[in-house]
Amino acid sequence: VWGYDSDNGPERWHENYPMAKGDKQSPIEINSKDVQHDPSLATWHASYDPGAAKTILNNGRTCRVVFDDTFDRSVLRGGPLTGAYRLRQLHLHWGSSDDHGSEHVIDGVKYAAELHMVHWNPKHGNFAGALKQPDGVAVVGIFLKVGKTPKPEMKRILEEIDNIKTKGKEAPFQHFDPSILFPKSRDYWTYHGSFTTPPCEECITWILLREPIEVSSDQMAKLRSLSKNSENEPLNPLVDNWRPPQPVKGRIVKASFK
Ligand SMILES: NS(=O)(=O)c1ccc(O)c(NC(=O)NCCCCO)c1
Ligand SMILES: [Zn+2]
């Protein structure tokens with residue numbers, strides 16, 4: 001089964017998931033000099049219902065918060081998108097130390113972590129159907145930077161970590177509006193890419209926020225206290241669950257800002 005270790009990691013995913021070697025893979029390295037400012041790009045808008053939040057879980061590969069996406073209850077619209085995309089889940093990728101962990105790399109900068117808010121296009125019926133469409137999924141990516149004035153809104157997620165230490169553990173996670181995690185600026189880069197995990201379908205419109213949010217080193221240590229293993233299995237810390245940048249293959253990254 002795929003993972004992030006040397007025997008089942010990103011360099012070998014293509015053996016079982018051929019799309020991993022596609023022409024529109026994610027993440028990528030973004031170099032500001034190659035980015036095209038697109039003045040026609042609209043601002044994006046999230047209108048999330050805090051009541052849609054359901055549970056938080058450790059699936060052995062990430063920490064994920066799941067939302068009710070059975071109707072247009074929490075949606076993302078605008079930006080590069082046509083129509084309203086339903087929020088399904090959010091999760092994170094992080095490193096084994098503060099100097100790396102993000103999946104996208106910006107002008108050579110690796111952030112300590114990257115938070116993904118995953119939305120899908122209901123015109124394709126369900127999430128599984130949306131994965132097969134180029135406009136099926138939209139992911140908002142927020143970079144986490146270690147700093148001195150940590151964003152208090154991250155506390156809610158990190159407070160739950162102690163209840164989901166091992167793989168398969170799940171806890172109720174309700175009354176949570178993830179838009180409190182957004183930074184002040186709405187500036188973003190956007191490009192067409194894929195899931196950063198197998199099967200690596202190329203169905204994602206990426207919306208990466210330029211302004212990182214701050215977390216403390218202690219908060220990062222909290223995230224790193226999660227385990228890949230199930231209870232009563234040997235301890236296997238859940239760290240470095242990030243895919244390295246993939247070939248850009250001529251894709252243009254657009255910026256909403258100059
Ligand atoms: N990083 S991403 O492109 O935003 C992304 C968005 C939605 C996803 O479902 C995944 N994949 C995922 O969560 N895989 C880990 C557990 C799989 C269950 O075995 C990745
Ligand atoms: Zn992700």
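A short note on the overall build of the protein
Helix and strand content of the protein: three helices and 15 strands. Here the C-alpha atoms of the protein give a radius of gyration of 17 Å, agreeing with the 18 Å that 2.2 N^0.38 yields for 258 residues. Overall, the protein is about 50 × 40 × 40 Å in size when its C-alpha atoms are taken along their principal axes. Buried residues in the protein amount to 52% of all 258 residues. Long-range contacts, defined as pairs at least 24 residues apart, comprise 71% of the intrachain contacts of the protein with a sequence gap of at least 6. Surface summary for the protein: the accessible area is close to 11500 Å², and the carbon and sulfur share equals 51%. Each charge sign in the protein was given a centre, from 33 positive and 33 negative side chains, and these centres are 3 Å apart.

Let's talk about the coordination of the zinc ion (ligand 2)
Distances from the zinc ion (ligand 2) to its protein donors, His-91 (NE2), His-93 (NE2) and His-116 (ND1), fall at 2.0 to 2.1 Å. Each of the four donor atoms bound to the zinc ion (ligand 2) contributes to angles spanning 101 to 115 degrees, and the resulting shape is tetrahedral. The sequence pattern formed by the donor residues of the zinc ion (ligand 2) is H-x1-H-x22-H. Of this pair, His-93 sits in strand 7 (residues 85–94) while His-116 sits in strand 9 (residues 113–120), placing them 23 residues apart in sequence. The exposure classification of His-93 matches that of His-116, with both residues buried.

Considerations on unusual backbone geometry
The peptide bond linking Ser-26 to Pro-27 adopts the cis configuration, its omega dihedral lying at 0 degrees. With respect to the element layout, Pro-27 can be found in the segment before strand 1 (29–30). Following Pro-198, the chain continues to Pro-199 via a peptide bond in cis, the omega torsion being 5 degrees. Note that Pro-199 resides in the loop between strand 12 (188–193) and strand 13 (204–209). One non-glycine residue, Asn-232, lies in the positive phi region at around 70 degrees. Tracing the backbone through its elements, the reader meets Asn-232 in the loop between helix 3 (217–223) and strand 15 (254–255). Judged by its relative accessible area of 79%, Asn-232 falls in the exposed class. Its identity as a non-glycine residue notwithstanding, Lys-249 has a phi of 55 degrees, on the positive side. Assignment of secondary structure puts Lys-249 in the loop between helix 3 and strand 15.

Here we look at the pairing of strand 12
For strand 12, the tally of buried residues reaches five of six residues, placing the bulk of the element in the interior. As judged from the two bridges shared by strand 12 and strand 15, these two strands associate in the antiparallel manner. Residue pairing across strands places Trp-189 opposite Ala-255, the latter belonging to strand 15.

Here we look at the site of ligand 1
Taken together, 15 residues lie around ligand 1, and Arg-61, Arg-64, Phe-195, Thr-196 and Thr-197 are the ones closest in. Measuring from a nitrogen atom of ligand 1, one finds a side-chain N or O atom of His-116 at 3.4 Å. The separation between a nitrogen atom of ligand 1 and a polar side-chain atom of Thr-196 is 2.8 Å. When ligand 1 is considered free in solution it has 490 Å² of accessible area, and contact with the protein chains removes 79% of it. Elements supplying a minimum of two residues to the shell around ligand 1: strand 7, strand 9 and strand 13. The element best represented in the shell around ligand 1 is strand 7, accounting for three residues. Taken together, the residues of the shell around ligand 1 break down into six nonpolar, seven polar and two charged.

Concerning the side chain of Gln-89
Within the fold, Gln-89 resides in strand 7. The buried category is assigned to Gln-89, whose relative accessible area is 11%. Not counting the four nearest positions on each side in its chain, Gln-89 is found in contact with Arg-64, Val-65, Val-66, Phe-67, His-116, Met-117 and Val-118.

Calculation criteria
Residues numbered from 1 in each chain as written. Chains lettered and ligands numbered in written order. Predicted model: local features only at pLDDT ≥ 70, side-chain atom pairs only at ≥ 80, totals over all residues. Heavy atoms only, no water. Helix = DSSP H or I, 4+ residues; strand = E, 2+ residues; numbered from the N terminus. Rg over C-alpha atoms; globule rule 2.2 N^0.38 Å. Buried < 20%, exposed > 50% of the residue type's maximum accessible area, 1.4 Å probe, protein only. Contact = heavy atoms within 4.5 Å. Areas by Shrake-Rupley, 256 points an atom, 1.4 Å probe, with all protein chains shown as cover. Lys, Arg positive; Asp, Glu negative; His and termini not counted. Charge placed at Lys NZ, Arg CZ, Asp CG, Glu CD. Donors = N, O, S within 2.8 Å, 3.2 Å for Na, K, Ca; no water. Tetrahedral: all angles 85-135°; square planar, octahedral: opposite > 155°, others 65-115°. Pairing = 2+ DSSP bridges. Near = heavy atom within 4 Å. Polar contact = N/O pair within 3.5 Å; in protein donor to acceptor, adjacent residues only side chain to side chain. Nonpolar A, V, L, I, M, F, W, Y, C, P; charged D, E, K, R; others polar.

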